[in-house]
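The primary structure of each chain is shown beneath.
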Amino acid sequence: MAKVLGIGNALVDILTLVEDESLLETLKLPKGSMQLVDGSTAIHVSSTTQNLNKSKASGGSAANTIHGLARLGVETAFIGHVGIDETGDFFRQDMEKATIKPVLFTSSTPTGIANGIITKDGERTFATYLGAAIELSAEHLDDSLFHGYDYFYIEGYLVQNEKLLIRSLDLAKKSGAKIVLDLASYNIVEANRELLETILTNYVDIVFANEEEAKAFTKSEPEEAVKLLAERCELAVVKIGAKGSLIRKGNYEVKVDAISATVFDTTGAGDLFAAGFLYGLIEGYDLEKAGMIGSVLAGNVVEVIGPKMDVDRWNNIQQKIATL
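This structure is a prediction, so every number in the text was calculated from the model and none was measured.

**Topic: the packing of helix α6 (residues 162-175) against helix α8 (residues 193-202)**
Inference 1: Between α6 and α8, whose axes approach to 12 Å, the crossing angle comes to 5°. Put simply, α6 runs roughly parallel to α8. The segment α6 lies against α8, with E162, L165, I166, L169 and K173 engaging L195, I199 and N202.
Inference 2: In the contact of α6 with α8, the residues fall into 5 nonpolar, 1 polar and 2 charged.

This is the structure we're talking about:
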């Protein structure tokens, strides 16, 4: 089976359920966005929400996708940077427990934390303190890390470290791996559209975007956006929430429905869709079946708090995939 290498911000998600959306205004966090914050702001968010219901899980967009692939039996590895602290140990142990090979560089800077605010409609808003994650640099990377991998999965958040991004893409391309990019967040796309245009055109084979990200990049609605993205990459996927997804390769396009689900928390939905879709490609399934597997994973993860699912749910997912 093909092997997948991921790279991204190594973060631990601290997820908080809120009844009142006005808390987002109090914290000055636009609903549905991912805002980068400094250490003092992260502490402020934590203290403001300290009496609310919370959960903790290793996270980061690419790490979530790699976790999903590993759960489906794909051999995986993840490159990231953590602090020499309890939070960094938690991240590493969570990777190893999931049979992912962790390639984690370290420093004395605290491990990054993503404070996620989950509103009653399941939407998630992140105040992310990157901490040690941002210290991953181009100098950490060499050919040996990329050897033997068939797919290289990268999260769009890394556009904020252009040198690292380009170095990783060059090494992945040199290794012969298919390059997969998730556009990450609409505000990240809006702020880095020129760089994304360059890498989509010159490096990326497969691109994932949700409706807002696709619109931020193409200035178009999903039906047109997927065509424009597919002109730049071999394969484009635009996720449109409860309406499913649009998948296009060249002039061939399919629409895949979302599965029925009771939404508690959308954290990880796009990441797990990507995991399911890539698993389908690795298994040699057609685009429609690969998309259906993505929908199964996304539809399950929104029914739990956070981006991780328990063993029973994963067993049910495997059974569902076998019937597609």
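**Focus: helix α9 (residues 211-218)**
Inference 1: Listed as buried for α9 are E213, A214, A216, F217 and T218.
Inference 2: The N-terminus of α9 is capped by N210, whose side-chain oxygen sits 3.1 Å from the backbone nitrogen of E212.
Inference 3: Of the residues flanking the end of α9, it is K219, one or two places downstream, whose phi is positive at about 65°.

**Regarding the sheet that holds strand β11 (residues 206-210)**
Inference 1: What the 9 strands build is an open sheet, ordered β6-β5-β1-β9-β10-β11-β12-β13-β14; its pairing is mixed. Both outer strands of the open sheet, β6 (101-107) and β14 (252-256), are each paired with one neighbouring strand and no more. Taken pair by pair, the neighbouring strands of this sheet meet at an average axis angle of 15°, ignoring direction.
Inference 2: Pairing analysis gives 5 bridges linking β11 to strand β12 (residues 235-239), with the strands arranged parallel. Across the sheet, A209 pairs through a bridge with V238, a residue of β12.
Inference 3: α9 contacts β10 (178-182), β11 and β12 of the sheet and is inclined by roughly 110° relative to β11.

**Topic: the layout of surface pockets**
Rolled over the atoms, a probe with the dimensions of a water molecule shows which regions are left empty.
Inference 1: Of the pockets and cavities examined, the largest pocket occupies roughly 1,100 Å³.
Inference 2: Listed by contribution, the elements that provide at least two residues to the lining of the largest pocket are β2 (11-17), β3 (34-36), α3 (61-71), β8 (124-129), α9, α11 (269-282) and α12 (287-301).
Inference 3: Element by element, the count of residues in the lining of the largest pocket is highest for α11, at 4 residues.
Inference 4: Tallied by class, residues from the lining of the largest pocket come to 19 nonpolar, 18 polar and 12 charged.

**Comments concerning the pattern of salt bridges**
Inference 1: Per the stated rule, a full pass over the model turns up 15 salt bridges.
Inference 2: A salt bridge links E19 to K120; the nearest nitrogen and oxygen atoms lie 3.5 Å apart. With E19 in the loop between β2 and α1 (22-26) and K120 in the loop between β7 (112-118) and β8, this pair connects stretches of sequence that are 101 residues apart. In this structure, E19 and K120 share a single accessibility class: exposed.
Inference 3: Of the charged contacts, one joins K31 and D121 as a salt bridge, the two residues approaching to 2.6 Å between their closest N and O atoms. With a gap of 90 residues between them, K31 in the loop between α1 and β3 and D121 in the loop between β7 and β8 connect regions that are remote in the sequence.
Inference 4: For D121, a relative accessible area of 43% corresponds to the partly exposed category.
Inference 5: Via salt bridges that share partners, E21, K31 and D121 belong to a single interconnected network.

**Examining unusual backbone geometry**
Inference 1: Even without being a glycine, T99 presents a positive backbone phi close to 65°.
Inference 2: Mapped onto the elements, T99 comes out in the loop between α4 (86-97) and β6.
Inference 3: If you check the backbone angles, A184 has positive phi at about 85° while not being a glycine.

**Some thoughts on the packing of aromatic side chains**
Inference 1: Enumeration over the complete set of coordinates arrives at 5 aromatic pairs.
Inference 2: When the ring of F78 is compared with that of F91, the centres are 5.9 Å apart and the planes differ by 45°; the resulting orientation is tilted. Taken together, the residues span a long stretch of sequence, with F78 in strand β5 (residues 75-83) and F91 in helix α4 at a distance of 13 residues.
Inference 3: Owing to a relative accessible area of 0%, F91 belongs among the buried residues under this scheme.
Inference 4: The rings of F208, F273 and F277 are connected pair by pair, giving a single aromatic cluster.
Inference 5: For K3, the ring lying beneath its charged end belongs to Y149, and the centroid distance is 5.0 Å.
Inference 6: Over the ring of Y285 we find K289, and its NZ or CZ is 4.0 Å from the ring centre.

Calculation criteria
- For every chain, the first residue of its written sequence is number 1, and the numbers climb from 1 along that sequence.
- It should be noted that, the model being predicted, local features are given only for residues of pLDDT at least 70 and side-chain atom pairs only at 80 or more, the latter also being counted only at that level, while totals for whole chains, interfaces and linings use all residues.
- Side-chain measures here rest on the full set of heavy atoms in the structure, leaving out hydrogens and waters.
- Whenever a helix is involved, its axis is fitted only over the stretch in contact; in every case the axis is a line through C-alpha atoms, and angles between N-to-C directions fall within 0 to 180 degrees.
- For the purposes of this entry, the term helix denotes a DSSP run of H or I that reaches at least four residues, the term strand denotes a run of E that reaches at least two, and both are numbered from the N terminus.
- Orientation is classified from the angle alone, with under 35 degrees giving roughly parallel, over 145 giving roughly antiparallel, 65 to 115 giving roughly perpendicular, and any other angle giving oblique.
- We call two residues contacting when some pair of their heavy atoms lies within 4.5 Å.
- Each residue receives one of three labels: charged for Asp, Glu, Lys and Arg, nonpolar for Ala, Val, Leu, Ile, Met, Phe, Trp, Tyr, Cys and Pro, and polar for the others, Gly being one of them.
- Throughout this description, buried means an accessible area under 20% of the type-specific maximum (1.4 Å probe, protein chains only), exposed means over 50%, and partly exposed covers the range between.
- What qualifies as a polar contact is a pair of N or O atoms within 3.5 Å, subject to a donor-acceptor requirement within protein and to the restriction that residues adjacent in sequence count only when both atoms come from side chains.
- Here the rule is simple: two strands pair whenever DSSP picks up at least two bridges between them.
- With a 1 Å grid laid over protein atoms only, a set of points is called a cavity when a 1.4 Å probe fits there but cannot get out and a pocket when it is open yet has protein on both sides within 12 Å along at least five of seven lines; lining residues have an atom within 4 Å of a point.
- Grid points are joined across faces, edges and corners, and a volume is the space filled by probe spheres set on the points.
- Put simply, a salt bridge is a Lys or Arg side-chain nitrogen that is within 4 Å of an Asp or Glu carboxyl oxygen.
- Here the aromatic set is Phe, Tyr and Trp, taking the six-membered ring for Trp, and pairing holds for ring centres within 6.5 Å; pairs whose planes are under 30 degrees apart are stacked, those over 60 apart are edge-to-face, and all others are tilted.
- By definition here, charges over rings are those cases where NZ of Lys or CZ of Arg is within 6 Å of the ring centre and within 35 degrees of the ring normal.

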